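Below, each chain spelled out in residue letters.
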Amino acid sequence: MKKIMLSLMSFGAMYSINAQKINLGKAAGMVSNGAKALTFTNEDAIKLSKESVDWMDKNNPVAGSKDPYTVRLNKLFGKHKSQDGLNLNYKVYKVKDINAFACADGSVRVFSSLMDIMTDNELLAVIGHEIGHVKNQDTKDAMKSAYLKAAALDAASSASSAVSTLNESQVGKMANAFLDASHSKKQESEADTYSYDFMKANKYDVVGAYTAFKKLALLSEGSTQTNFEKMFNSHPDSNKRAESIKKKAEKEGLWKDPGTVALPTAKLTK
(Lines give C-alpha, C1' and ligand atoms only; values in the text may rest on other atoms or scores of the structure.)
Protein backbone atom coordinates (compact mmCIF):
# COMPACT_ATOMS: atom_id res chain seq x y z
CA MET A 1 0.00 0.00 0.00
CA LYS A 2 1.23 3.43 -0.65
CA LYS A 3 1.64 5.04 2.76
CA ILE A 4 -0.93 2.67 3.85
CA MET A 5 -3.79 5.00 4.61
CA LEU A 6 -3.79 8.78 4.73
CA SER A 7 -2.56 11.93 6.39
CA LEU A 8 -4.99 13.63 8.73
CA MET A 9 -4.12 17.23 7.89
CA SER A 10 -7.64 18.65 7.86
CA PHE A 11 -9.84 16.00 9.42
CA GLY A 12 -10.04 17.82 12.73
CA ALA A 13 -7.95 19.25 15.51
CA MET A 14 -9.29 16.70 17.98
CA TYR A 15 -7.19 14.03 16.30
CA SER A 16 -3.93 15.95 16.38
CA ILE A 17 -3.73 16.68 20.10
CA ASN A 18 -0.44 15.39 21.56
CA ALA A 19 0.48 13.94 18.21
CA GLN A 20 3.00 14.82 15.55
CA LYS A 21 3.71 13.98 11.94
CA ILE A 22 5.54 10.69 11.49
CA ASN A 23 9.25 11.13 10.85
CA LEU A 24 10.41 9.09 7.87
CA GLY A 25 13.33 10.99 6.42
CA LYS A 26 13.64 11.95 2.75
CA ALA A 27 13.01 9.62 -0.14
CA ALA A 28 16.02 8.41 -2.06
CA GLY A 29 16.60 8.82 -5.77
CA MET A 30 16.14 6.35 -8.58
CA VAL A 31 18.06 3.08 -8.75
CA SER A 32 20.05 1.94 -11.76
CA ASN A 33 19.07 -1.11 -13.77
CA GLY A 34 22.26 -2.81 -12.65
CA ALA A 35 20.80 -3.35 -9.16
CA LYS A 36 18.21 -5.79 -10.44
CA ALA A 37 20.65 -8.69 -10.12
CA LEU A 38 20.36 -8.60 -6.33
CA THR A 39 19.41 -11.90 -4.68
CA PHE A 40 16.88 -11.05 -1.96
CA THR A 41 15.87 -13.74 0.52
CA ASN A 42 13.21 -13.94 3.23
CA GLU A 43 16.03 -13.56 5.75
CA ASP A 44 17.11 -10.33 4.04
CA ALA A 45 13.54 -9.03 4.18
CA ILE A 46 13.30 -9.84 7.90
CA LYS A 47 16.66 -8.23 8.70
CA LEU A 48 15.97 -5.04 6.77
CA SER A 49 12.42 -4.83 8.11
CA LYS A 50 13.74 -4.92 11.67
CA GLU A 51 16.30 -2.21 10.87
CA SER A 52 13.59 -0.03 9.32
CA VAL A 53 11.17 -0.47 12.21
CA ASP A 54 13.90 0.07 14.82
CA TRP A 55 14.72 3.35 13.07
CA MET A 56 11.07 4.43 13.03
CA ASP A 57 10.60 3.43 16.68
CA LYS A 58 13.58 5.59 17.59
CA ASN A 59 12.52 8.60 15.52
CA ASN A 60 8.79 8.71 16.33
CA PRO A 61 6.75 8.95 19.55
CA VAL A 62 5.84 5.45 20.72
CA ALA A 63 2.97 5.07 23.18
CA GLY A 64 4.10 3.78 26.57
CA SER A 65 2.93 0.57 28.19
CA LYS A 66 0.23 2.32 30.25
CA ASP A 67 -0.92 4.67 27.51
CA PRO A 68 -4.63 4.17 26.60
CA TYR A 69 -3.64 3.44 23.00
CA THR A 70 -1.26 0.66 24.02
CA VAL A 71 -3.73 -0.75 26.53
CA ARG A 72 -6.44 -0.91 23.87
CA LEU A 73 -4.18 -2.45 21.24
CA ASN A 74 -2.89 -5.11 23.65
CA LYS A 75 -6.45 -5.93 24.67
CA LEU A 76 -7.41 -6.45 21.04
CA PHE A 77 -4.32 -8.29 19.82
CA GLY A 78 -2.84 -9.85 22.95
CA LYS A 79 -3.83 -13.31 21.79
CA HIS A 80 -2.40 -12.75 18.32
CA LYS A 81 1.28 -12.45 19.24
CA SER A 82 1.67 -15.65 17.23
CA GLN A 83 -0.56 -15.60 14.16
CA ASP A 84 -0.52 -18.06 11.29
CA GLY A 85 3.13 -18.96 11.89
CA LEU A 86 4.23 -15.35 12.38
CA ASN A 87 5.65 -14.01 15.65
CA LEU A 88 4.21 -10.51 15.94
CA ASN A 89 4.99 -7.48 18.09
CA TYR A 90 2.71 -4.44 18.32
CA LYS A 91 3.31 -0.76 19.08
CA VAL A 92 1.40 2.50 18.62
CA TYR A 93 2.86 5.64 17.03
CA LYS A 94 1.27 8.80 18.43
CA VAL A 95 1.23 10.73 15.17
CA LYS A 96 -1.31 12.52 12.99
CA ASP A 97 -1.26 10.11 10.06
CA ILE A 98 -4.05 7.57 9.80
CA ASN A 99 -1.98 4.50 9.15
CA ALA A 100 -1.03 0.93 10.02
CA PHE A 101 1.58 -1.42 8.64
CA ALA A 102 3.18 -4.80 9.24
CA CYS A 103 6.66 -5.96 8.25
CA ALA A 104 8.37 -9.24 7.44
CA ASP A 105 10.04 -9.36 10.87
CA GLY A 106 6.60 -9.46 12.53
CA SER A 107 6.50 -5.82 13.58
CA VAL A 108 3.02 -4.29 13.49
CA ARG A 109 2.70 -0.55 13.98
CA VAL A 110 -0.64 1.19 14.40
CA PHE A 111 -1.03 4.97 14.36
CA SER A 112 -3.02 6.65 17.10
CA SER A 113 -5.17 8.65 14.69
CA LEU A 114 -6.34 5.42 13.07
CA MET A 115 -7.36 4.14 16.51
CA ASP A 116 -9.28 7.37 17.09
CA ILE A 117 -11.70 6.70 14.24
CA MET A 118 -11.90 2.90 14.01
CA THR A 119 -13.96 0.60 16.23
CA ASP A 120 -12.39 -2.54 17.66
CA ASN A 121 -13.73 -4.74 14.84
CA GLU A 122 -12.53 -2.24 12.24
CA LEU A 123 -9.04 -2.21 13.76
CA LEU A 124 -9.00 -6.00 13.78
CA ALA A 125 -9.89 -6.01 10.08
CA VAL A 126 -7.32 -3.35 9.14
CA ILE A 127 -4.47 -5.03 11.00
CA GLY A 128 -5.58 -8.42 9.70
CA HIS A 129 -5.21 -6.96 6.21
CA GLU A 130 -1.66 -5.81 6.97
CA ILE A 131 -0.75 -9.22 8.41
CA GLY A 132 -2.07 -10.69 5.17
CA HIS A 133 0.48 -8.69 3.20
CA VAL A 134 3.25 -10.21 5.35
CA LYS A 135 1.89 -13.74 5.11
CA ASN A 136 1.53 -13.42 1.34
CA GLN A 137 5.12 -12.06 1.14
CA ASP A 138 3.97 -8.79 -0.43
CA THR A 139 6.06 -6.93 2.15
CA LYS A 140 9.14 -8.85 1.03
CA ASP A 141 8.76 -7.36 -2.45
CA ALA A 142 8.14 -3.91 -0.98
CA MET A 143 11.22 -4.12 1.25
CA LYS A 144 13.45 -5.21 -1.62
CA SER A 145 12.35 -2.19 -3.64
CA ALA A 146 12.83 0.07 -0.62
CA TYR A 147 16.32 -1.28 -0.02
CA LEU A 148 17.38 -0.68 -3.62
CA LYS A 149 16.15 2.90 -3.50
CA ALA A 150 17.78 3.62 -0.16
CA ALA A 151 21.11 2.08 -1.18
CA ALA A 152 21.02 4.06 -4.45
CA LEU A 153 23.04 1.30 -6.05
CA ASP A 154 24.94 2.12 -9.22
CA ALA A 155 26.14 -0.24 -11.91
CA ALA A 156 29.47 -0.80 -10.18
CA SER A 157 28.25 -1.38 -6.62
CA SER A 158 25.40 -3.60 -7.74
CA ALA A 159 27.74 -6.24 -9.18
CA SER A 160 27.46 -8.15 -5.88
CA SER A 161 24.26 -10.12 -5.38
CA ALA A 162 24.40 -9.76 -1.58
CA VAL A 163 22.56 -7.23 0.54
CA SER A 164 24.99 -4.68 1.95
CA THR A 165 24.88 -2.81 5.26
CA LEU A 166 23.12 0.57 5.20
CA ASN A 167 24.09 3.61 7.20
CA GLU A 168 21.70 5.51 9.48
CA SER A 169 20.58 7.92 6.76
CA GLN A 170 19.96 5.10 4.29
CA VAL A 171 17.90 3.14 6.82
CA GLY A 172 15.66 6.19 7.23
CA LYS A 173 15.28 6.44 3.48
CA MET A 174 14.51 2.73 3.30
CA ALA A 175 11.75 3.13 5.91
CA ASN A 176 10.24 5.94 3.87
CA ALA A 177 10.48 3.99 0.62
CA PHE A 178 8.86 0.96 2.25
CA LEU A 179 5.82 3.00 3.29
CA ASP A 180 5.77 4.52 -0.20
CA ALA A 181 5.59 1.12 -1.86
CA SER A 182 2.34 0.15 -3.55
CA HIS A 183 0.88 -3.32 -3.91
CA SER A 184 -0.89 -4.66 -6.98
CA LYS A 185 -4.68 -4.95 -7.12
CA LYS A 186 -4.26 -8.71 -6.88
CA GLN A 187 -2.15 -8.37 -3.73
CA GLU A 188 -4.66 -5.99 -2.19
CA SER A 189 -7.52 -8.32 -3.01
CA GLU A 190 -5.68 -11.27 -1.48
CA ALA A 191 -4.96 -9.23 1.67
CA ASP A 192 -8.67 -8.32 1.85
CA THR A 193 -9.51 -12.01 1.69
CA TYR A 194 -6.94 -12.81 4.38
CA SER A 195 -8.45 -10.13 6.62
CA TYR A 196 -11.97 -11.49 6.11
CA ASP A 197 -10.83 -15.05 6.82
CA PHE A 198 -8.86 -13.86 9.88
CA MET A 199 -11.98 -12.23 11.26
CA LYS A 200 -14.14 -15.25 10.49
CA ALA A 201 -11.70 -17.81 11.94
CA ASN A 202 -11.41 -15.88 15.20
CA LYS A 203 -15.18 -15.34 15.44
CA TYR A 204 -14.91 -11.57 15.05
CA ASP A 205 -17.62 -9.64 13.22
CA VAL A 206 -16.59 -9.64 9.55
CA VAL A 207 -18.78 -6.59 8.99
CA GLY A 208 -15.94 -4.64 10.61
CA ALA A 209 -13.99 -5.02 7.37
CA TYR A 210 -16.93 -3.52 5.47
CA THR A 211 -17.34 -0.52 7.78
CA ALA A 212 -13.58 0.13 7.84
CA PHE A 213 -13.56 0.57 4.06
CA LYS A 214 -16.72 2.68 4.20
CA LYS A 215 -14.98 5.02 6.64
CA LEU A 216 -12.01 5.33 4.30
CA ALA A 217 -14.41 6.23 1.52
CA LEU A 218 -16.06 8.86 3.73
CA LEU A 219 -12.70 10.39 4.58
CA SER A 220 -12.02 11.00 0.91
CA GLU A 221 -15.30 12.78 0.18
CA GLY A 222 -15.05 16.54 -0.24
CA SER A 223 -11.33 16.52 0.49
CA THR A 224 -8.45 17.86 -1.55
CA GLN A 225 -5.97 15.50 -3.17
CA THR A 226 -3.22 17.13 -1.11
CA ASN A 227 -4.82 16.06 2.14
CA PHE A 228 -5.98 12.61 1.15
CA GLU A 229 -3.82 11.45 -1.75
CA LYS A 230 -2.15 8.79 0.44
CA MET A 231 -5.45 7.11 1.10
CA PHE A 232 -6.44 7.21 -2.56
CA ASN A 233 -3.14 5.60 -3.50
CA SER A 234 -3.27 2.94 -0.80
CA HIS A 235 -6.93 1.94 -0.74
CA PRO A 236 -8.45 2.71 -4.14
CA ASP A 237 -12.12 1.97 -4.71
CA SER A 238 -12.85 1.69 -0.99
CA ASN A 239 -16.61 1.56 -1.64
CA LYS A 240 -16.18 -1.26 -4.17
CA ARG A 241 -14.04 -3.22 -1.74
CA ALA A 242 -16.62 -2.69 0.99
CA GLU A 243 -19.35 -4.01 -1.29
CA SER A 244 -17.24 -7.05 -2.15
CA ILE A 245 -16.96 -7.86 1.55
CA LYS A 246 -20.70 -7.36 2.00
CA LYS A 247 -21.51 -9.81 -0.81
CA LYS A 248 -19.23 -12.44 0.65
CA ALA A 249 -20.69 -12.00 4.15
CA GLU A 250 -24.23 -12.23 2.76
CA LYS A 251 -23.36 -15.41 0.87
CA GLU A 252 -21.98 -17.00 4.03
CA GLY A 253 -24.82 -15.83 6.25
CA LEU A 254 -22.56 -13.54 8.28
CA TRP A 255 -23.96 -10.18 7.19
CA LYS A 256 -25.48 -7.90 9.81
CA ASP A 257 -26.63 -4.53 8.55
CA PRO A 258 -24.53 -1.93 10.40
CA GLY A 259 -26.86 0.88 9.37
CA THR A 260 -25.41 4.17 8.20
CA VAL A 261 -21.63 4.25 8.56
CA ALA A 262 -20.39 7.59 9.86
CA LEU A 263 -17.11 9.03 11.08
CA PRO A 264 -16.99 9.47 14.86
CA THR A 265 -17.29 12.96 16.34
CA ALA A 266 -15.05 12.07 19.28
CA LYS A 267 -12.00 9.85 19.73
CA LEU A 268 -12.76 6.17 20.11
CA THR A 269 -9.64 5.60 22.18
CA LYS A 270 -10.24 6.95 25.67
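A short tour of the structure in this document, coming up. Model, not experiment: these values are computed from the prediction.

## As for the overall build of the protein
Moving on, step 1. Assigned secondary structure in the protein consists of 10 helices and 5 strands.
Moving on, step 2. Within the protein, the proportion of its 270 residues that are buried is 50%.
Moving on, step 3. Sequence-distant contacts in the protein: of pairs separated by 6 or more residues, those separated by 24 or more amount to 78%.
Moving on, step 4. When the accessible area of the protein is evaluated, it comes to approximately 12,400 Å², of which 51% is carbon and sulfur surface.

## Considerations on the side chain of Ser 107
Moving on, step 1. Within the secondary structure, Ser 107 sits in strand β5 (residues 107-111).
Moving on, step 2. Within the structure, Ser 107 has its side chain in polar contact with the side chain of Asp 105 (distance 2.8 Å).
Moving on, step 3. Each residue touching Ser 107, except ones within four places of it in the same chain, is listed here: Val 53, Asn 89, Phe 101 and Ala 102.

## Regarding the sheet that holds strand β3 (residues 89-93)
Moving on, step 1. Taken in spatial order, the 3 strands of this open sheet run β3-β5-β4, and their pairing is mixed. Of all the strands in the sheet, just β3 and β4 (100-102) have a single pairing partner and so form its edges. Sheet twist, expressed as the mean angle between neighbouring strand axes with direction ignored, is 15 degrees.
Moving on, step 2. As paired elements, β3 and β5 share 5 bridges and run parallel to each other. Looking at the pairing, Asn 89 lines up with Ser 107 of β5.

## Observations regarding helix α2 (residues 68-77)
Moving on, step 1. Taken as a whole, α2 has its buried residues at Tyr 69, Thr 70, Arg 72, Leu 73, Leu 76 and Phe 77. Around the axis of α2, the buried residues are gathered within 165 degrees of arc, so they sit on the same side.
Moving on, step 2. On its buried side, α2 packs onto β3, β5, α3 (112-117), α4 (120-135) and α7 (185-201).
Moving on, step 3. Of the residues that open α2, the one with a side-chain oxygen 2.8 Å from the backbone nitrogen of Tyr 69 is Asp 67.

## Thoughts on the layout of surface pockets
Moving on, step 1. One number sums up the size of the largest pocket: a volume of about 300 Å³.
Moving on, step 2. Glu 188, Ser 189, Asp 192, Arg 241 and Ser 244 are, among the 12 residues lining the largest pocket, the residues nearest its centre.
Moving on, step 3. At the level of secondary structure, the elements contributing two or more residues to the lining of the largest pocket comprise α7 and α10 (238-251).
Moving on, step 4. Partitioned by chemical class, the residues of the lining of the largest pocket number 3 nonpolar, 3 polar and 6 charged.

Reading guide: rules and limits
- Residues numbered from 1 in each chain as written.
- Predicted model: local features only at pLDDT ≥ 70, side-chain atom pairs only at ≥ 80, totals over all residues.
- Heavy atoms only, no water.
- Helix = DSSP H or I, 4+ residues; strand = E, 2+ residues; numbered from the N terminus.
- Buried < 20%, exposed > 50% of the residue type's maximum accessible area, 1.4 Å probe, protein only.
- Contact = heavy atoms within 4.5 Å.
- Areas by Shrake-Rupley, 256 points an atom, 1.4 Å probe, with all protein chains shown as cover.
- Polar contact = N/O pair within 3.5 Å; in protein donor to acceptor, adjacent residues only side chain to side chain.
- Pairing = 2+ DSSP bridges.
- Axes fitted to C-alpha atoms, helices over the stretch in contact; angles between N-to-C directions.
- Arc of directions from axis to C-beta.
- 1 Å grid on protein atoms, 1.4 Å probe; cavity = no way out; pocket = protein on both sides within 12 Å on 5 of 7 lines; lining within 4 Å.
- Points joined across faces, edges and corners; volume = space filled by probe spheres on them.
- Nonpolar A, V, L, I, M, F, W, Y, C, P; charged D, E, K, R; others polar.

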